[in-house]
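Listed below, chain by chain, are the residues.
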Amino acid sequence: MKKRHIASAARVCKTWKEPALDELWKKLSSPFPLLELLGPLVYEDRGWSFQDGLGRPSWDLWSYYAKRVRSLDIFDMARRRDRNSLINPELAIYLLSSFNEWGGPGKRLIPNIKMLGLQCYFPSTPSLALLFVAPSLKSLDFFVLDSPSKVLRSVRKVLISLNAMQDVIQIHDFTIHYDETQERRAEFERVLIDFLCSQPTISTFAFGVLRSGMPLARILQAVPRVKVLALAGPFSASEEELRAEIQIVADNAKDLEDFNYFGVREDSTVGSVLFSIPTPLFGCPNLKVLVLGCIDPACINGSLIEEMGRSWPRMQSLELLPDVGLQYDRGVVPDDLVHFAAAFSSTLRNLAIPFTLSDAISVPIPQRSSRFLQLETLGVGLSVITTPNVRAFAELLKALTVRQVSINHSHKAGTEQGEIWEQMRKLLNPGYQISTMLVGTA
C-alpha cells in the first residue's frame, strides 16, 4: 500500500489512526521527517542544520512519532530541495543537548529502532550512527561510497565507539562495504575484527569488496555463529583463487545456511571468464540458499547435479548465474532438468539457471510417476529457445513440476524470443506465470 493511502487511512477514525501511523513511520529513508518536527531546517556550508538552533522544540511530538520508527536509512548524497542530504555536525550537538535536558539519562532518540543503514560520501556521516543507536538495534549497515580514506577513518572511529558499547547493543545483522588500498585497509580491518568479536550474536554478515591480502579467514573467525553470508568483490583471476576463497568460507562457517557470492568486474576484457562449481561448498551440508554469480552453467552436468543433491539435502533456493559477459547461448541442457528433479525433488523451491535450448530436445518426457520438482519459481535468464523446441520444453516443464510455477526469463528487445515466449505462455497456461524482462536491444 502506498504511503499516501496509509496517511489517508490514519485520518478515517481513531481505531485506524494508531496502526496506520505505526505503518507510516515504521521505515524511514531519511531522518528529515523526524528532524522537521523540531523546527525549520536550512542548508549551510556544512550541511543541513536548524535554522535558529533549538529554542523550544516539541520533544513530546518527536517522541510520539519516533517510538514508531523501526528502520532508518541515512544517505548523505540523496537529493533534497536541489541539495544533498548531508547533515551538519552541529545539528547533532543541538539535538543531544536539548534531548538530554528533556528526557534525562537513558532515553534514546529512536527508542525502538531495529535497523540502521548509512551510505556515506562525507566523513561526518558515519558518526550519526552513534546518535541513533539503542539497545533495540539489531541490524547495522555501513556503505562507504567511493571509499575516500577520511570516510573510512570515520567509520573506524565509530566501530571503536560501538565496541565499547557491547553491553548496550547486540547486533544480529551486519553489513560493511568499502573499497580501499591494502595499506589503508590494514588498520581499519584490525578494528573491524575487534568489533565483530565484540558482537557474538552476529548471524548475518555481508561483506565487500574482497581484495588480495584481505584477512578473510580472521574476519569469518570473528563471526563464528554466522548462518547467512554475502561476499562481494572482483572475481578471482583464476579458478584456483576462487576455490581458495570458498575453502576459507567452508572451513570457517560450518553452520552456513545462506551463501551469496557475487563479483565486480574491474576489466571488461575478462568479462567472459567463468568458473565451475567450487567443490569446497559441498562441505556445507546445511545450505538452504545458494547464489553464485560467477558460474559457467555449461560446466554443469548430470553427475555434478547428483553430487549437489547429496551434499545439500536441505537446499531450497539455488541460483547458478553467469556473469554479464557470458554468451547468451550457453547453459545447461534440458536433460539436466530431469537430474535436478531426481536430486532435489523434495526441497527445492527456487531454481535459477540458463538453459541451452537451441538444439533439438531429445530427452524423453518422463511419466507422471517420476520424481517431481516442487518448484515455485524457475529462472531461465537469457536462455535462447528456438521455435522447434517450444512445445517440447513446455511439455518437459509440465511433466517435472507438480504445482503452478512462476517462470522468469529475459530477452533482448527486437528479437524473435518475445514471440517464442508468448507461444510458451499459451502452451503452459493455465497455472503457469511467465515474467519477462527486456535487456537492451539486439
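These figures come from a predicted structure and were not determined experimentally. (Residues numbered from 1 in each chain as written. Predicted model: local features only at pLDDT ≥ 70, side-chain atom pairs only at ≥ 80, totals over all residues. Heavy atoms only, no water.)

### Things to note about the overall build of the protein chain
Right, on to step 1. Looking only at helices and strands, the protein chain has 14 helices and 18 strands in total.
Right, on to step 2. Within the protein chain, buried positions represent 48% of all 442 residues.
Right, on to step 3. Total accessible area on the protein chain stands at roughly 20,900 Å², and carbon and sulfur atoms take up 51% of it. (Helix = DSSP H or I, 4+ residues; strand = E, 2+ residues; numbered from the N terminus. Buried < 20%, exposed > 50% of the residue type's maximum accessible area, 1.4 Å probe, protein only. Areas by Shrake-Rupley, 256 points an atom, 1.4 Å probe, with all protein chains shown as cover.)

### Brief notes about the pairing of strand S7 (residues 173-177)
Side-chain positions along a regular strand alternate between the two faces of the sheet.
Right, on to step 1. Examined bridge by bridge, strand S6 (residues 139-144) and S7 share 5 bridges and lie parallel to one another. Residue pairing for S7: Phe143 is matched across the bridge by His177.
Right, on to step 2. In this sheet, strand S8 (residues 204-208) lies alongside S7 in parallel orientation, the contact comprising 5 bridges. The partner of Thr175 across the bridge, within S8, is Ala206. (Pairing = 2+ DSSP bridges.)

### Some thoughts on the packing of aromatic side chains
Right, on to step 1. Scanning all chains against the criterion turns up 17 aromatic pairs.
Right, on to step 2. When the centroid spacing of 4.7 Å and the interplanar angle of 35 degrees are considered together, the rings of Trp25 and Tyr65 count as tilted. With Trp25 in helix H2 (residues 14-25) and Tyr65 in helix H4 (residues 59-66), the pair connects residues that are 40 residues apart, well separated along the chain. Residue Trp25 shares its accessibility class with Tyr65, and that shared class is buried.
Right, on to step 3. An angle of 45 degrees between the planes, with centres 5.7 Å apart, marks the rings of Phe99 and Trp102 as tilted. Here the residue Phe99 and the residue Trp102 both occupy positions in helix H5 (residues 89-103), the gap between them amounting to 3 residues, near one helical turn.
Right, on to step 4. We note Arg68 situated over the ring of Tyr64; from NZ or CZ to the ring centre the distance is 4.5 Å. (Phe/Tyr/Trp six-rings, centres within 6.5 Å; stacked < 30°, edge-to-face > 60°. Lys NZ or Arg CZ within 6 Å of the ring centre and 35° of its normal.)

### Thoughts on the packing of helix H11 (residues 302-311) against helix H12 (residues 335-344)
When two helices pack together, their arrangement is given by the angle between the helix axes and by the axis-to-axis distance.
Right, on to step 1. Look at H11 against H12: their axes get within 8 Å of each other, and the N-to-C directions meet at 20 degrees. On the basis of their axis angle, the class for H11 and H12 is roughly parallel. In terms of crossing hand, the pair formed by H11 and H12 is right-handed. Contacts from Gly302, Ile305, Glu306, Met308 and Gly309 of H11 reach H12 at Asp336, His339, Phe340, Ala343 and Phe344.
Right, on to step 2. Among the residues forming the contact of H11 with H12, the class breakdown is 5 nonpolar, 3 polar and 2 charged. (Axes fitted to C-alpha atoms, helices over the stretch in contact; angles between N-to-C directions. Parallel < 35°, antiparallel > 145°, perpendicular 65-115°, else oblique. Left-handed = near helix turned anticlockwise from the far one by under 90°. Contact = heavy atoms within 4.5 Å. Nonpolar A, V, L, I, M, F, W, Y, C, P; charged D, E, K, R; others polar.)

### Here we look at the side chain of Ser136
Right, on to step 1. As for its placement among the helices and strands, Ser136 is situated in the loop between helix H6 (128-132) and S6.
Right, on to step 2. Looking at Ser136, the relative accessible area reads 16%, which means it is buried.
Right, on to step 3. Only 3.1 Å separates the side chain of Ser136 from the backbone oxygen of Pro111, close enough to count as a polar contact.
Right, on to step 4. Residues contacting Ser136, with those up to four places away along its chain left out, are Pro111, Asn112, Ile113 and Lys114. (Polar contact = N/O pair within 3.5 Å; in protein donor to acceptor, adjacent residues only side chain to side chain.)

### Side note on the pairing of strand S2 (residues 41-44)
Right, on to step 1. Both S2 and strand S3 (residues 47-50) contribute to a ladder of 4 bridges, which runs antiparallel. Each residue of the ladder has a partner; that of Tyr43, found in S3, is Trp48.
Right, on to step 2. The antiparallel hairpin formed by S2 and S3 contains 2 residues in its connecting segment.

### Some words on the confidence of the model for the protein chain
Segments scoring low in pLDDT should not have their predicted coordinates read at a detailed level.
Right, on to step 1. Overall, the predicted model of the protein chain reaches an average pLDDT of 82, with 84% of residues at or above 70.
Right, on to step 2. Counting contacts from residues 267-272, a segment whose pLDDT is below 50, to residues more than four positions away or on other chains yields 6 contacts. (pLDDT = per-residue confidence, 0-100.)

### Describing the pattern of salt bridges
Right, on to step 1. Under the defined criterion, the tally for this structure stands at 7 salt bridges.
Right, on to step 2. Note that Glu18 and Arg68 form a salt bridge whose closest N and O atoms lie 2.8 Å from each other. Of this pair, Glu18 sits in helix H2 while Arg68 is found in the loop between H4 and strand S4 (71-75), placing the two residues 50 residues apart along the sequence.
Right, on to step 3. The partly exposed category is assigned to Glu18, whose relative accessible area is 32%.
Right, on to step 4. Its salt-bridge partner being Glu422, residue Arg425 comes within 3.2 Å of it at the nearest N-O pair. Of this pair, Arg425 and Glu422 both sit in helix H14 (residues 417-428), separated by 3 residues, roughly a single helical turn.
Right, on to step 5. We classify Glu422 as partly exposed; its relative accessible area is 34%.
Right, on to step 6. Via salt bridges that share partners, Glu18, Asp22 and Arg68 belong to a single interconnected network. (Salt bridge = Lys/Arg side-chain N within 4 Å of Asp/Glu carboxyl O.)

### Comments concerning the environment of Pro126
Right, on to step 1. Within the secondary structure layout, Pro126 lies in the loop between strand S5 (115-120) and H6.
Right, on to step 2. For Pro126, a relative accessible area of 0% translates into the label buried.
Right, on to step 3. On a C-alpha basis, the gap between Pro126 and Leu152 in space is 8.9 Å, while along the polypeptide they are 26 residues apart.
Right, on to step 4. When residues no more than four places from it in sequence are discounted, the contact partners of Pro126 are Leu118, Cys120, Phe142, Val151, Ser154, Val155 and Val158.

### Here we look at the environment of Val291
Right, on to step 1. In this fold, Val291 is placed in strand S11 (residues 289-292).
Right, on to step 2. Residues Val291 and Ala352 lie 61 residues apart in sequence; the distance between their C-alpha atoms is 9.0 Å.
Right, on to step 3. Once residues lying within four places of it in the same chain are set aside, the contact partners of Val291 are Phe259, Asn260, Tyr261, Phe262, Glu319 and Leu321.

### With respect to the nonpolar core
Right, on to step 1. Among the nonpolar cores identified, the biggest contains 127 residues, and Phe174, Phe205 and Phe259 are the most heavily contacted of them.
Right, on to step 2. The contacts of Phe174, once residues within four sequence positions are left out, are Leu140, Phe142, Leu159, Leu192, Phe195, Leu196, Ile202, Thr204, Phe205 and Ala206. (Core = buried A, V, L, I, M, F, W, Y, C linked by side-chain atoms within 4.5 Å.)

### Brief notes about the environment of Leu397
Right, on to step 1. Assignment of secondary structure puts Leu397 in helix H13 (residues 390-400).
Right, on to step 2. When its relative accessible area of 3% is taken as the criterion, Leu397 is described as buried.
Right, on to step 3. When the C-alpha atoms of Leu397 and Leu337 are compared, they prove to be 8.5 Å apart, with 60 residues separating the residues in sequence.
Right, on to step 4. Not counting the four nearest positions on each side in its chain, Leu397 is found in contact with Leu337, Leu378, Ile407, Leu428 and Tyr432.

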